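Below, each chain spelled out in residue letters.
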Amino acid sequence: MRQIRNFSIIAHIDHGKSTLADRIIQRCGGLAEREMDKQVLDSMALERERGITIKAQTASLLYTARDGQEYQLNLIDTPGHVDFSYEVSRSLSACEGALLVVDASQGVEAQTVANCYTAIEQDVEVVPVLNKIDLPAANPEQARAEIEDVIGVDATDAVMCSAKTGLGVEDVLEAVVARVPPPKGDPEAPLKALIIDSWFDSYVGVVILVRVVDGCIKAKDRMRLMATGAEYPVDQVGVFTPKSLVRDQLSAGDVGFIISGIKVLADAKVGDTVTLATRPAPKPLPGFKEIKSQVFAGLYPVESNEYDQLRESLEKLQLNDAALRFEPEVSEALGFGFRCGFLGLLHMDVVQERLEREFDIDLITTAPTVVYEVLLKDGATVRVENPAKLPDLSKIDEIREPIIRATIYVPQEYVGVVITLCTQKRGTQVDMRYHGRQVQLIYDMPMNEVVMDFFDRLKSASRGYASLDYEFKEYQSADLVKLDMLVNGEKVDALSVIVHRASAQYRGRELASKLRGIIPRQMFDVAVQAAIGSHIVARETIKALRKNVLAKCYGGDITRKRKLLEKQKEGKRRMKQVGAVEIPQEAFLAVLRTD
Ligand code: GDP
Ligand code: MG
């Protein structure tokens, strides 16, 4: 077999994964200097702004090592956020090695650890890299000790580098050549290729990125997707350098793309196995699972006449985002919109921003919610993705909520506040360990408390130092109730939330008082009430407006007056008329924040 090395880079966000990837590509001549204007592996503009890598991408590079041999280094990019942990695990299982990049001035953090464990589980050789050694604050010895202590990986031979200046980057490549094992597959065996990623390209349709484990694939072959059994003729195969280059074939050990007649992204599922229809593999590669939405929210156009445009935009987004789910939904308060399913909160943010930015639609987003399993008295089980759709309490036997296992890393001095926060969020401590200056906390926590505002609060409680990673654990029965909000006597379905009974009254009061602050005063008194069923648990009154706000500016500076009017107009665009009252967008998100 040719000299191939397949590897990924894993790192906590901002530790320098993209910068190192770019350096490596540049060093191997993948792109000319002028093409390196921006970090090439983070392709979408939005990603660049947020500094995260959402879609796994790859580059096949040639490197002449110090031993004089030429190696083909396949760099497989992995997404860097907890929402995309399944994609990370698929990318890693396509590699024999992973560079574990740790910022030498920061040390080990939660996602480093989570991704590293995933790599170890997949039997991937982990090569520690201490990055940012150019920084005066860099403390490679401390970072090395943390890697050994926290992750349990031998870091004696950790490579030191600065992805920014390029110092030590060649040592990184030498370590890849020396320490990452070559791929083992059999090119003569029936084809087995793992789908690492897939996306929609407007010129060629669906592109799938595969790691060929066994066998060969070439143009005109008839391929079969093992999860569904669907078959397609292969039009083209090739590799990314990172520019795309057509090849005659891809064979065992290679990482490259396949273009075929697939029209819908959902048919090329990440983690599925591609084989040949003429000589199929007996068994797919292990580890495939259907990705399920974990978080749901309603998206409604502010202008109801933008509904069709919203649908078209969601369809377009879905072309490139197989994880995005949506279906039409009607809310009494918000009218026609869509219930959308996301992998997590970050995924939701990204979708929402793209809709507003790329498609220019003003949206009202309801509070995100998790999926509840509701056991009915008649024995049936229903999945509830929308609090407003919770069946009548008299029909419910049991409500089960998703529980996650959260791993938190936090410097010692913040451990107390973080534990308090986790307890407040109904967390149960599973483990607590001291690793030098860092403490590792493991908690089982209801996911609905996490989507609420846990991450923000964790960050502020720890002055930004705590890091979090989580995975779904199980469904557990809990004493949950639906809390409804009534404005001027009308139930605003989009404001309903499912909460624990013990905190329902408190949350009801808090929400009512928050809404009182957000909903502008009207010409009449407006009652804001919180209710569980027909039982009112809290009430606030928004006093009627007396004077015209503009009166304040009477005779005053005309530009100020115009500004005020513009501001009101701007505010109006984000208001929804509910009965006789206009409710601003922020009200729908206020349910999220707890103090
Ligand atoms: P990622 O989130 O892991 O992909 O991190 P990036 O590659 O986007 O890097 C995060 C930040 O750290 C950027 O501002 C980089 O310029 C900076 N950075 C990356 N590597 C180095 C390094 O070796 N030295 C210094 N001083 N800064 C670096
Ligand atoms: Mg990055």
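Residues numbered from 1 in each chain as written. Chains lettered and ligands numbered in written order. Predicted model: local features only at pLDDT ≥ 70, side-chain atom pairs only at ≥ 80, totals over all residues. Heavy atoms only, no water.

Q: Can you lay out a negative patch on the surface for me, pointing to particular residues and giving the numbers?
A: Taken together, E148, D149, D154 and D157 make up a surface patch of like negative charges. Considering the arrangement of structural elements, one finds D154 in the loop between α5 (140-151) and β6 (159-160). (Patch = residues over 30% accessible without salt bridge, like charges linked within 9 Å, V, L, I, M, F, W, Y side chains within 5 Å. Areas by Shrake-Rupley, 256 points an atom, 1.4 Å probe, with all protein chains shown as cover. Salt bridge = Lys/Arg side-chain N within 4 Å of Asp/Glu carboxyl O. Lys, Arg positive; Asp, Glu negative; His and termini not counted. Charge placed at Lys NZ, Arg CZ, Asp CG, Glu CD. Helix = DSSP H or I, 4+ residues; strand = E, 2+ residues; numbered from the N terminus.)

Q: Break down the packing of aromatic side chains for me, with residues and values.
A: Taken as a whole, this structure holds six aromatic pairs when the rule is applied. Here the aromatic rings of W199 and F240 are separated by 5.9 Å at their centres, their planes lie at 40°, and the arrangement is tilted. Of this pair, W199 sits in strand β7 (residues 192-201) while F240 is found in strand β11 (residues 231-240), placing the two residues 41 residues apart along the sequence. W199 sits in the buried class, given a relative accessible area of 19%. (Phe/Tyr/Trp six-rings, centres within 6.5 Å; stacked < 30°, edge-to-face > 60°. Buried < 20%, exposed > 50% of the residue type's maximum accessible area, 1.4 Å probe, protein only.)

Q: Explain the sheet that holds strand β17 (residues 325-331) to me, using residue names and the numbers behind them.
A: In space, the four strands of this open sheet follow the order β17-β18-β16-β19, with antiparallel pairing throughout. Edge positions in the sheet fall to β17 and β19 (363-365), since each has one partner strand and no second. The sheet shows a mean angle of 30° between the axes of neighbouring strands, direction not considered. In terms of strand pairing, β17 meets strand β18 (residues 335-342) through seven bridges, oriented antiparallel. Residue V330 lies in a different strand from β18, and its bridge partner there is F336. Helix-sheet contacts for helix α7 (residues 307-319) involve β16 (295-301), β17, β18 and β19, and the interaxial angle to β18 is about 15°. (Pairing = 2+ DSSP bridges. Axes fitted to C-alpha atoms, helices over the stretch in contact; angles between N-to-C directions. Contact = heavy atoms within 4.5 Å.)

Q: Break down the site of ligand 1 for me, citing the residues and quoting the values.
A: If you check the shell around ligand 1, you find 17 residues, and the closest are D14, K17, S18, T19 and D134. Separating an oxygen atom of ligand 1 from a backbone N or O atom of K17 is a distance of 2.7 Å. The fraction of the free accessible surface of ligand 1 (580 Å²) that becomes covered by protein chains is 79%. Split by residue class, the shell around ligand 1 holds three nonpolar, nine polar and five charged. (Near = heavy atom within 4 Å. Polar contact = N/O pair within 3.5 Å; in protein donor to acceptor, adjacent residues only side chain to side chain. Nonpolar A, V, L, I, M, F, W, Y, C, P; charged D, E, K, R; others polar.)

Q: I'd like to hear about the state of the cysteines, residue by residue, with values.
A: The tally for this structure, following the rule as stated, stands at zero disulfides. Of the cysteine sulfurs around C28, a residue in no disulfide, the closest is that of C161, at 14 Å. Here C28 falls in the buried class, since its relative accessible area comes to 13%. (Disulfide = S-S within 2.5 Å.)

Q: So, the nonpolar core: which residues are in play, and what are the values?
A: Counting residues in hydrophobic clusters, the biggest one holds 33 residues, and the most contacted among them are Y372, V374, I408, V410, M445, F454 and L458. Secondary-structure elements contributing two or more residues to this core are β20 (372-376), β22 (396-411), α9 (415-424), β24 (438-446), α10 (447-461) and β25 (467-478). Per-element tally for this core: the top contributor is β22, with six residues. Among all residues touching V410, those that are not within four sequence positions of it are V415, V418, R437, Q438, V439, L441, S462 and A466. (Core = buried A, V, L, I, M, F, W, Y, C linked by side-chain atoms within 4.5 Å.)

Q: Any details on the sheet that holds strand β3 (residues 70-76)? Residues and values, ideally.
A: Taking strand neighbours across the sheet as the criterion, the six strands line up as β2-β3-β1-β4-β5-β6 in an open arrangement whose pairing is mixed. Looking at which strands have only one partner, the edges of the open sheet turn out to be β2 (58-64) and β6. The strands that α5 touches are β4 (97-103), β5 (125-131) and β6; relative to β5, the one it contacts most, it runs at about 150°.

Q: Residues and numbers for the pattern of salt bridges, please.
A: Applying the stated criterion across every chain, the model contains 30 salt bridges. A salt bridge links D77 to K17; the nearest nitrogen and oxygen atoms lie 3.4 Å apart. Remark: K17 occurs in helix α1 (residues 17-27) and D77 occurs in the loop between β3 and α3 (85-93); sequence separation between them is 60 residues. Here the two residues D77 and K17 agree in accessibility, since each one is buried. Look at the salt bridges and you will find they share partners, linking R27, R66, E170 and D171 into a network.

Q: Describe unusual backbone geometry, naming the residues involved and giving the relevant values.
A: For D123, which is not glycine, the phi dihedral falls at a positive 70°. Secondary-structure assignment places D123 in the loop between α4 (110-121) and β5. The residue R426 is not glycine, and still its phi comes out positive at about 60°. Mapped onto the secondary structure, R426 falls in the loop between α9 and β23 (428-435). What makes R426 partly exposed here is its relative accessible area of 23%.

Q: If you had to explain the UniProt feature "binding site: GTP" (unreviewed entry) in the protein chain to someone new, which residues and values would you point to?
A: Listed under "binding site: GTP" (unreviewed entry) in the UniProt record, and renumbered for this structure, are D14, H15, G16, K17, S18, T19, N131, K132, I133 and D134. Position of N131 among the secondary structure elements: in strand β5. Once residues lying within four places of it in the same chain are set aside, the contact partners of N131 are H15, G16, V101, V102, D103, A104, C161, S162 and A163. A distance of 3.0 Å separates a polar atom in the side chain of N131 from the backbone oxygen of H15. Tracing the chain through its elements places I133 in the loop between β5 and α5. Leave out the neighbours within four places in its chain, and I133 touches A104, A138, P140, M160, C161, S162 and L167. (UniProt positions renumbered as here; feature names shortened; annotations may be inferred.)

Q: Run through α9, naming residues and quoting values.
A: The complete set of buried residues in α9 reads V415, V418, L421 and C422. Along α9, the residues classed as buried sweep out an arc of 125° about the axis, all on the same side. Summarising the contacts, the buried residues of α9 are in contact with β22, β23, β24 and α10. Of the residues one or two after α9, R426 is the one with positive phi, at around 60°. (Arc of directions from axis to C-beta.)

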